[in-house]
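# Inside the fold
So the chains spell out like this:
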Amino acid sequence: MAVIGRPRGFDRDAALEAAMFLFWRKGFATTSMNDLCDAMGVRSPSLYAAFGSKEALYLEAIEHYVRTQGPPVWDKLAEGATARAGIEKLLIAGTGSLPKSRATPAGCMAVLAAVGDEWPAAITRVVKKVRLEMLGMLRSRLETAVAKGELRASTDINGLSRFYLSVFQGMAIQARDGASQAELKAVAATAMAGWPDDA
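The following refers to the structure shown. Model, not experiment: these values are computed from the prediction. (Residues numbered from 1 in each chain as written. Predicted model: local features only at pLDDT ≥ 70, side-chain atom pairs only at ≥ 80, totals over all residues. Heavy atoms only, no water.)

### Here's the deal with the overall build of the protein chain
Heads up, the condition is: Numbering of helices and strands runs from the N terminus, with a helix taken as a DSSP run of H or I at least four residues long and a strand as a DSSP run of E at least two residues long. Exposure categories follow from relative accessible area, calculated using a 1.4 Å probe and restricted to protein chains: below 20% of the type maximum is buried, above 50% is exposed, and the middle band is partly exposed.
In terms of helices and strands, the protein chain carries 11 helices and zero strands. Secondary structure elements of the protein chain, listed N to C terminal, follow the sequence α-α-α-α-α-α-α-α-α-α-α. C-alpha extents for the protein chain along the principal axes are approximately 75 × 30 × 30 Å. Counting across all 199 residues of the protein chain, residues that qualify as buried make up 43%.

Here it is as structure tokens:
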């Protein structure tokens, strides 16, 4: 009697990565279970056995995205000698990663996810947390800049961190709409021209 379950040689990590790219490209609602099975190279029973549900699979996929796609961009924030240099490096890294390429869909999965009412509540909570973590990283870098005297003590840290996160998020949406790397670099340069006067 045949046993229904994971096929021989099932690679869970590879399947998860395939699901991540599909969700990144299509979103949650418009991605069907058939789409997922095709992309992951598994049958429906194997998918359910490995991941539980479409919603649970998406939650794992967004965590995988944050873990694998986030660091090459967001780690740039800490690489600059100053907060200004770090934020510029972050935005420039975004101009390379956000446009559609042969390897990746356009935009940022975390920025584009859970916008609107059609998303399950659990996904909305997780994605909101990811975006708040982005804001927190910017805020922390700016607070350090104030402590080091790079920025004036009166600098509106909350407003400035939200501004640069808004720039990154806007770049992600524009990339999804077809903006090129050169066009996004112009956005980044304009945003950096708005940097407050140093202390």
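### Overview of unusual backbone geometry
One non-glycine residue, Ala114, lies in the positive phi region at around 55 degrees. Mapped onto the elements, Ala114 comes out in the loop between helix H8 (109-112) and helix H9 (121-147).

### So, the side chain of Thr155
Using the following cut-off: Residue contacts are defined here by distance: any two heavy atoms, one from each residue, within 4.5 Å place the two residues in contact.
Tracing the chain through its elements places Thr155 in the loop between H9 and helix H10 (157-176). Excluding residues within four positions of it along the chain, Thr155 makes contact with Val146 and Leu160.

### As for the pattern of salt bridges
To keep things clear, this is the line we draw: Salt bridges, as used here, are contacts in which a Lys or Arg side-chain nitrogen is within 4 Å of a carboxyl oxygen on Asp or Glu.
Within this structure, the stated rule accounts for five salt bridges. For Asp35, the salt bridge is made with Lys26, and the minimal N-O distance between the two is 2.8 Å. We note a salt bridge from Lys129 to Glu133, for which the minimum N-O separation is 2.7 Å. In this pair, Lys129 and Glu133 both sit in helix H9, four residues apart, roughly one turn of the helix. Accessibility expressed as a relative area gives 53% for Lys129, which makes it exposed.

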